[in-house]
Each structure stands twice: as structure tokens, then as C-alpha cells.
Amino acid sequence: MRLDQRCIIDMIKQQSKVLDIGCGDGSLIDYLCRYHQCDARGIEVDMSYVTKAVGKGLPVIHGNADFDLQHYPTGGFDYVVLSRTLQAVNRPREVLQQMLRIGRYAIVSFPNFGHWTLRLQLLLKGRMPMTNVWGKYWYETPNIHPCTMTDFVNLSRKEGYKIERWMAIDDQGGRAPWERSIRLANFFGEQALFLLTR
Amino acid sequence: MAESEENYLNSDENQDPLTQKIMFKDGICLENGQYLAPLEIAYQTYGQLSAAKDNAILICHALTGDQYVTDINPISKKAGWWSNMVGPGCPIDTNKYFIICTNVLGSCMGTTGPRSMREDGQKIGRWGADFPAITIKDMVNAQKMLIDHFQIKQLFAVIGGSMGGMQTLQWAVSYPDQVYAVIPIATSSFHSAQNIAFNEVGRQAIFSDPDWRDGEYWRYGVTPYRGLAVARMMAHITYLSEDALNRKFGRRLQERLKDSSFPIFGEVFQVESYLHYQGSNFVRRFDANSYVTITRAMDWFDLSHAYDGDLVQAFAHVKSRFCVISLSSDWLFPTSRSRVIVQALNRVGARVSFVEIATDKGHDAFLLEEPDLDITIRGFLSGIEEQRRLEHYAS
């Protein structure tokens, strides 16, 4: 399992109902079902992942965060997880709204565009940054809505969401030491993880 | 009994002495209020029912299918229609599960249908065209009687494709406590105008055959072969995809023909002789009245009908786990129709998995080799088996 998924699991209470959007091969929901006594389900846009996940016996549907969330009942889940997907959806703001309609908590992780290496590359080269996390050319990346941690905090404030917890995560997915200041985390954190409520 | 009728009886090759059968003397009350008695159900079972009776899987066959899921079909002498899916070590493993498949109500492979002798005292002989209108729900209710007979409290799964898929959905709605899991494949929660239109062309082909004789053909020792064959040919096209037909036949001509000749009559293209073969094969094993009865049952099907057209309401009380499967090149029951089912299930918070199998073989692909279909069904079954074990520990 990816290390950042460990951090996500730490935020989820046992025996809760979880919807994982962009669940990939379902390793997070597999863990939640097996060892966390959760009722966890997934949505994934890539069919080969869906087949793999259902082939492992996991409740996963083929679907798209931009269109399929509207079909879930209000308050139907305790947690709605969107990991490393926010930057790739068409309407991130609406997706967040849907997540907090469906679930009591929203857990969102995304690669932080405010990281100093990206800032430096843009400053010195004047070109779209390329790093391990942002590994594709601007014209072939599925990431259409990159944002920084500060951007995300601002959006959450504007929408009236409460940030229950946040953390910066390093390249490998482990917790990074920037827990005091979001400004520092925004500069040094490669990935961001937020726990929101309404 | 008239001599011609005697011939019909003797030529009734769909009666196999090995078929398992059960008679319910009191019959069944149909959705239209009519009583159909007695009710006979022909079925096949594979594997062993566990002592706890918790490993039974009901398989629902498609429109013109039968109860011979696997092994050799005693009538056609060919392999069963799902022998690549069901059997020892197969995705639906008969070493683990007890498989039941009934011939549907209204069909002609041993379960009560238009071919059956009527015992309602109104007319002597067979039901023929007088056989009452039945629905998918009636078919499911008949299956339920058999399941009760086996004293199975809860089916581990109900699985079916096409019309069989409609039955699986009906099971989940009608008997929410009696089905742990449901796998509807290449199906829909309702029969669309286009679906009905295709069926109607088939029925009209049958009715316009001079041997149809108002559905009493058996009294005259004839059968509307040509009409039934045309109906089958037309339906068969809807089961395939354009790509599958192109790959198989393209525009290839019959061997004896030259490119320079332009005949109008006779078999010109290879795809034509293929359809003729499909049609003639079919009339040997299927009854015209049954075809009319069952296609009508499909046409009536709309799961949301009893709920003011609201499918979400229809699913409001389901408890089963669903694995909805669609086929990418199926244009008879396209993926969009499976999405309708999945979305309605999501709205009621049901546990649902949904996979679209990438295939260019069309609607019929669920009967053919499709590795992803095998992986999906095998994985889903083993997954829910584990979940059921976990639930047992928890409770």
C-alpha cells in the first residue's frame, strides 16, 4: 500500500462507511474492509483497474468523479476519500461540494504545486516544472487543475469548510515534518493531505 | 387424439428422460391474476448442496436458453451454453457451489409452457396460443417455488445474462432477504421501445407464416418453421456487433459465386448462409408459441413500473450485493442501461460493483470466451464469500 494511504487510514475511524473516489486497484478499500471493519466502496475511471479490483472481490464501480457523485445519497457515507485525483477532475470545487454532501468528512490528498522545487524551476527556466510527482509534459498530463496548499486552504475557507486536520507528505508518501505552519508546508511539502468537514 | 397431434407428441424431442422435474399440483398465481395449474418445472442441478444449504447459486438462462448450463445438452448433444463458466474449477465452481438452473416458465424444455397439456377443463389438448401472458416476475416466482422445495433459505447468488439478468434484478427486488448476491449481465431494468420493436418484427414473422394457423399449428401437424427462423435470424443480428459480423464474414461471397455475377435469389453472401443456419437450427429446438410468450414477457418488463416509474423506489429495499456487468459492444442492452441500474442502486446506498467488459463481440459475448468476464465473476464470488464469513464472525 502507498504510504500516503497509511496517513489516510489513520484519519478514518474503524467501522465507518467510506467511499474512495479514484480508488485505483482498490488497495485502500481492501485494507479498510479487511482490517478496519469498514464498509468501503470505490469509484474508478480506469476500466483495467476496476476489473482488477472487482476481480479481487471489492465493491468498485466504473465511474467518474465529475459525473457520478450526484447519484450517491446525502449523508450516505462517513468519509469520502479523494486521493491524488483532485488536480485531474474537471470541476474540483463541485467535486468537493459533492464529497461533503455525501460524507460527513472529506479526505483530500493532492500533489502540492507550491513546493519549492517547482517554484524554482518555473522561476529559473520559465517552463512548466517536471519532478517525480509532476512527471509529465504539460501537454500530456491528466492534471488540469494543479493547486498549492495555500490555494486549497483559501478555497476551503471560501466554501465554509472546516479543516479538521492537515499534513504535508513527502515524495514517498510518508509524513513530512511541517506540521506547524501551512506556509512552510506549502513551500517544503511535496504532497498535501486534508481532512475537511462542513 | 387426432393423428397429427400424436405425431406432434412423438416428435416432441425436447422431452429428455434425464431431465429433473418437479410438479406443483396447486400451480402458480400469475401476475395477471390467472391461475396456472398444475405447474411443472424442469431443472438441472450441478455440484452438492452443503449441509447448511448456503452454497446454492441460481443461474437464469436467456430468452432461448435452457436449463442445461454445463455438460452435454441431451437434446442438441452440444456442450451446455455456459460450460466455459460453470463447472469444476471454473469461475462458477461446481466443486464449491450447488448450481440450479430451471427452464423458465412459458418455455418449451420441460417447464409448463404453451406446449404443455392444459388441465383447466376449458379445452382439450395443449395450451398453444391460449397460454396465459406471463411476466419476468412470474418466472421468478416459479423459480422461488423450486428454491423453497429445496428448503434453501437464502441463495448465495443469482446470476444471469440478458433475460436472465432481468430475472436476477427481479429476484433482488421481490425477495431481498433470499439473495445474498446478484450478478446481472448484459441486461436492463426495462425493455425499451427499440427492444420491443425488434421482438415485434420477430413475432410478426411468425404470425405471417401460413403454418402458424392462429397458434394451433400442432393440431394440424405443422409448425411455422419459416416464420420462427426469420424471427431468430433477425434476433441473432441484434446479438452480434457490426465488428463481429465483419470479422467473421466481411463481404465474402459464397464459394460457388463469382464476383461478376449479381444474383438476386439464393444465398449470395456468406453471412446469409450463416443466418439461415442459425435460423434452421433454432426451429428444431424451439416452439413458436413459447417464443411469442417469452418475448412478450421481456417486453412487459419494467422494474420501475410498480413504483410510478421510479427505479430508485424499486430498489429501496434491496439487501443483496450487486455486480453489474455490461459489454462494451452490446447494442441490444448497451452499457448506458447498466449505468441506469448502477446509479439507482447507488442512490439507495446498495453495495454495487460495476464492470464494463471490453469486447467487440456484442451482446452474445457473455456466452463466449471473455477472460475479463471470468476474472470479474470469479473475483466477485470469492470476495462476497469472504465478506459473508467476516459477517458471520462479527455476528
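For clarity, every value in this text was computed on a predicted model and none was experimentally measured.

Caption draft 1: Representation of the pattern of salt bridges within the structure. All names here are of chain A. Under the counting rule described, the total for this entry stands at 26 salt bridges over all chains. Note that Glu159 and Arg93 form a salt bridge whose closest N and O atoms lie 2.8 Å from each other. With Glu159 in helix H7 (residues 149–159) and Arg93 in helix H5 (residues 92–102), this pair connects stretches of sequence that are 66 residues apart. Judged by its relative accessible area of 40%, Arg93 falls in the partly exposed class.

Caption draft 2: Highlighting the layout of surface pockets. Residues and elements named next belong to chain A. For the second largest pocket, the calculated volume is near 850 Å³. Lining the second largest pocket are 37 residues, and of these Ser83, Arg84, Thr85, Gln87 and Ala88 sit closest to its centre. Looking at the lining of the second largest pocket, the elements with two or more residues in it are strand S1 (17–21), strand S2 (39–44) and helix H4 (65–68). Tallied by class, residues from the lining of the second largest pocket come to 13 nonpolar, 15 polar and nine charged.

Caption draft 3: Molecular detail of the domain arrangement of chain B. Residue and element names in this part refer to chain B. Under the domain assignment used here, chain B contains domain 1 (18–196 + 302–394) and domain 2 (199–294). Each of domain 1 and domain 2 has a C-alpha centre, and the two are 27 Å apart. Between domain 1 and domain 2, the residue contacts involve 33 residues of the former and 29 residues of the latter. Summed over both partners, the interface of domain 1 with domain 2 buries about 2400 Å², with 55% contributed by carbon and sulfur atoms. Linking domain 1 with domain 2 are three salt bridges. Across the salt bridge formed by Lys123 and Glu216, the nearest N and O atoms sit 3.8 Å from each other. Joining domain 1 to domain 2, the criterion identifies twelve residue pairs in polar contact (both at pLDDT 80 or more). Class assignment for the residues of the side of domain 1 that touches domain 2 results in 15 nonpolar, ten polar and eight charged.

Caption draft 4: Geometry of the UniProt feature "active site" (unreviewed entry) in chain B. All names here are of chain B. Listed under "active site" (unreviewed entry) in the UniProt record, and renumbered for this structure, are Ser162, Asp330 and His363. Across 202 residues of sequence, these annotated residues stay compact in space, with a maximum C-alpha separation of 10.6 Å. In this fold, Asp330 is placed in the loop between strand S11 (321–327) and helix H10 (335–347). What Asp330 contacts, discounting residues up to four positions off in sequence, is Ala186, Gly362 and His363. Looking at Asp330, its side chain comes within polar contact range of the main-chain nitrogen of Leu332, at 2.9 Å. If you trace the backbone, His363 turns up in the loop between strand S12 (351–357) and helix H11 (371–394). Taking the relative accessible area as the measure of exposure, His363 reaches 2% and is therefore buried.

Caption draft 5: Here's a closer look at a nonpolar patch on the surface. Residue and element names in this part refer to chain A. A grouping of Trp116, Leu120, Leu123, Leu124, Leu184, Phe187 and Phe188 is seen on the molecular surface, where their side chains present a nonpolar patch of about 680 Å² in accessible area. Where the nonpolar patch is concerned, the elements lending two or more residues are helix H6 (116–125) and helix H8 (182–188). Per-element accounting of the nonpolar patch gives the leading share, four residues, to H6. Its place among the elements puts Phe187 in helix H8. A relative accessible area of 30% means that Phe187 is categorised as partly exposed.

About the cut-offs
- Residues numbered from 1 in each chain as written.
- Chains lettered and ligands numbered in written order.
- Predicted model: local features only at pLDDT ≥ 70, side-chain atom pairs only at ≥ 80, totals over all residues.
- Heavy atoms only, no water.
- Salt bridge = Lys/Arg side-chain N within 4 Å of Asp/Glu carboxyl O.
- Helix = DSSP H or I, 4+ residues; strand = E, 2+ residues; numbered from the N terminus.
- Buried < 20%, exposed > 50% of the residue type's maximum accessible area, 1.4 Å probe, protein only.
- 1 Å grid on protein atoms, 1.4 Å probe; cavity = no way out; pocket = protein on both sides within 12 Å on 5 of 7 lines; lining within 4 Å.
- Points joined across faces, edges and corners; volume = space filled by probe spheres on them.
- Nonpolar A, V, L, I, M, F, W, Y, C, P; charged D, E, K, R; others polar.
- Domains from an automatic or database assignment.
- Contact = heavy atoms within 4.5 Å.
- Buried area = accessible area lost by both parts, 1.4 Å probe.
- Polar contact = N/O pair within 3.5 Å; in protein donor to acceptor, adjacent residues only side chain to side chain.
- UniProt positions renumbered as here; feature names shortened; annotations may be inferred.
- Patch = residues over 30% accessible without salt bridge, like charges linked within 9 Å, V, L, I, M, F, W, Y side chains within 5 Å.
- Areas by Shrake-Rupley, 256 points an atom, 1.4 Å probe, with all protein chains shown as cover.

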